[in-house]
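Residues per chain are reported as follows:
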Amino acid sequence: MKYGVSGGRRQPKPLLEVRDITARFGGVVALDQVSFDVAPGEICGLIGPNGAGKTTLFNCLSRLYASHSGEIRFAGQALGALPQHRMAGLGIGRTFQNLALFRTLTVRQNIAVGTTCRRGTGWLAHALRLPAVAREELAQAARVDELIDLLHLGDVADAPAGELPFGTQKRVELARALASSPRLLLLDEPACGLNHQEVDELAFLIRTLRRRFALTVLLVEHHMGLVMALSDNIVALNFGRKVAEGLPAEVRRDPELVKAYLGESAAFNQRELAL
C-alpha cells in the first residue's frame with residue numbers, strides 16, 4: 001500500500017528511484033518487482049522481517065549484486081551499467097551490517113581510505129608531486145580531522161581499529177563512509193549490537209549528519225523505535241515484495257506489515273480494532 005504524503009504540494013525530483021527491481025538466487029526470488037523513491041534530504045526506513053530482501057536491495061543499490069530486471073537511478077543516472085567501484089565517486093556511501101574495517105590500520109587510516117574516491121589528480125601528478133597533489137592531500141586530511149572530531153574519535157584516532165569496542169568500530173565505519181562526501185548514505189543495521197544509550201546517541205548523530213552534510217539516508221534497521229523516530233518515510237518488505245510504504249504512523253498500523261512480523265491473528269485483531 002502507498003500512502004499519500006504530498007498534501008497537494010509539488011514534490012521534489014527523487015534522488016533515488018527504484019523501479020521494479022527483481023533479484024533471484026537460483027530458484028529463490030529475493031526481490032520481486034520492488035519500486036519506491038527517496039527524495040533529497042529524506043531519511044527513508046527500509047524494514048521487514050529477516051529474509052525480506054532488505055540487504056539484497058542494498059547490495060543491488062551499491063552494485064555488489066546485479067538485479068535480473070528493473071532499474072535503479074541515482075540523481076537521474078541509471079546505475080545498471082556502472083561498475084561497483086564507481087558508486088562512492090558517484091555520491092553513494094555505505095556501511096555494512098558486518099563491519100568491513102581494515103583491522104590493523106588505525107582509525108585515521110581507515111577513514112582516509114574513504115577519501116580516495118574523490119581524488120581529482122592522476123597517477124602522473126602524484127609521481128611528479130605536483131602542487132595540486134599537495135593541495136588535495138591537505139583537503140583530504142582536513143576532511144578526516146573533521147570527521148574524527150564530529151564522531152568523537154579523537155582519543156582513538158591512532159589506535160588500530162580492530163582493537164576498539166564494537167560500538168566505536170561502528171562509528172569508524174560511519175566516518176569512512178562519510179569521508180567520500182556522499183549525497184546518499186546507505187546505513188545497514190547501524191544499531192545492531194548497540195546498547196540503549198548508544199542507540200539514542202546514534203539517532204541524534206544521524207540527524208546531525210543529515211543537517212550538516214545535506215545527506216539523504218536510506219536506513220535498514222530492525223530497531224523499530226529508531227526507525228519510527230528517525231524516518232520521514234518507510235518502505236516495508238516481506239518475502240521480497242513491498243507490502244507497505246508511507247509515513248511511520250501509517251505504516252506501523254498496516255495489516256500486511258503486522259502480519260509479516262506477528263502473524264495472521266495479530267493482523268486480524270488490528271483490523272477488528274480499527275472497525
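It should be noted that the structure appears before, not after, this text.
It should be emphasised that the depicted structure is a prediction, and the values quoted were computed from it without experimental measurement. (Residues numbered from 1 in each chain as written. Predicted model: local features only at pLDDT ≥ 70, side-chain atom pairs only at ≥ 80, totals over all residues. Heavy atoms only, no water.)

Student: Help me understand the overall build of the protein chain, please; the structure alone is not making it clear to me.
Tutor: Along the backbone of the protein chain there are 11 helices and 10 strands. Out of the 275 residues belonging to the protein chain, those deemed buried represent 48%. Looking at the protein chain alone, contacts between residues at least 24 apart form 67% of all its contacts between residues at least 6 apart. Working note: accessible area of the protein chain is about 13,800 Å², and carbon and sulfur atoms make up 54% of it. (Helix = DSSP H or I, 4+ residues; strand = E, 2+ residues; numbered from the N terminus. Buried < 20%, exposed > 50% of the residue type's maximum accessible area, 1.4 Å probe, protein only. Contact = heavy atoms within 4.5 Å. Areas by Shrake-Rupley, 256 points an atom, 1.4 Å probe, with all protein chains shown as cover.)

Student: I would appreciate a short explanation of the packing of aromatic side chains in the present structure.
Tutor: The geometry of an aromatic ring pair is captured by two quantities: the separation of the ring centres and the angle between the planes. With the rule as written, the count across this model stands at one aromatic pair. The interplanar angle of 70° and the centroid separation of 5.2 Å between the aromatic rings of Phe-25 and Tyr-65 together place this pair among those described as edge-to-face. Of this pair, Phe-25 sits in strand S1 (residues 16–25) while Tyr-65 sits in the loop between helix H1 (54–61) and strand S4 (69–74), placing them 40 residues apart in sequence. The positively charged end of Arg-143 is found above the aromatic ring belonging to Phe-213, 4.7 Å away from the centroid. (Phe/Tyr/Trp six-rings, centres within 6.5 Å; stacked < 30°, edge-to-face > 60°. Lys NZ or Arg CZ within 6 Å of the ring centre and 35° of its normal.)

Student: It is not clear to me how the nonpolar core should be interpreted in this structure. Could you clarify?
Tutor: Across soluble globular proteins, nonpolar side chains show a tendency to be buried alongside one another. Within the largest apolar cluster, 44 residues are counted, with the highest numbers of intra-cluster contacts made by Ile-111, Leu-151, Leu-153, Leu-174, Leu-178 and Leu-209. With seven residues, the single largest contributor to this core is helix H7 (residues 196–213). Residue-level mapping places this core at the junction of two domains, with at least three residues from each of domain 1 (12–91 + 182–275) and domain 2 (104–181). Setting aside anything within four residues of it in sequence, one finds Leu-151 in contact with Arg-171, Leu-174, Ala-175, Leu-178, Leu-205 and Leu-209. (Core = buried A, V, L, I, M, F, W, Y, C linked by side-chain atoms within 4.5 Å. Domains from an automatic or database assignment.)

Student: Would you mind going over the sheet that holds strand S10 (residues 241–246) with me for this structure?
Tutor: Pairing between the strands of a sheet comes from backbone hydrogen bonds, and it takes one of two forms, parallel or antiparallel. In spatial order, the strands read S6-S7-S8-S3-S9-S10; together these six strands make up an open sheet with mixed pairing. Of all strands in the sheet, those with a lone pairing partner are strand S6 (92–94) and S10, marking the two edges. Direction aside, the axes of adjacent strands within the sheet are offset by 20° on average. Where strand S9 (residues 233–238) meets S10, five bridges bridge the pair, whose relative direction is antiparallel. (Pairing = 2+ DSSP bridges. Axes fitted to C-alpha atoms, helices over the stretch in contact; angles between N-to-C directions.)

Student: Just to check I follow, could you spell out helix H6 (residues 166–179) for this structure?
Tutor: A rise of 1.5 Å per residue sets the reference length of H6, with its 14 residues, at 20 Å; its end C-alpha atoms lie 20 Å apart and thus fit the reference within 8%. Summarising burial for H6: 12 of the 14 residues are buried, a large majority. Those residues of H6 that sit buried are Gly-167, Thr-168, Gln-169, Lys-170, Val-172, Glu-173, Leu-174, Ala-175, Arg-176, Ala-177, Leu-178 and Ala-179. In the stretch just after H6, Ser-181 is the one whose phi turns positive, near 55°. (Expected span 1.5 Å × (residues − 1).)

Student: Hey, could you run me through unusual backbone geometry in this one?
Tutor: Most peptide bonds take the trans form, and the phi angle of most residues other than glycine is negative. One non-glycine residue, Asp-20, lies in the positive phi region at around 55°. Although it is not a glycine, His-152 adopts a positive phi angle of roughly 55°. Along the polypeptide, His-152 turns up in the loop between helix H5 (131–150) and H6. Under the relative-accessibility criterion, His-152 is labelled exposed at 66%.

Function cannot be read off these values alone, since they describe shape.
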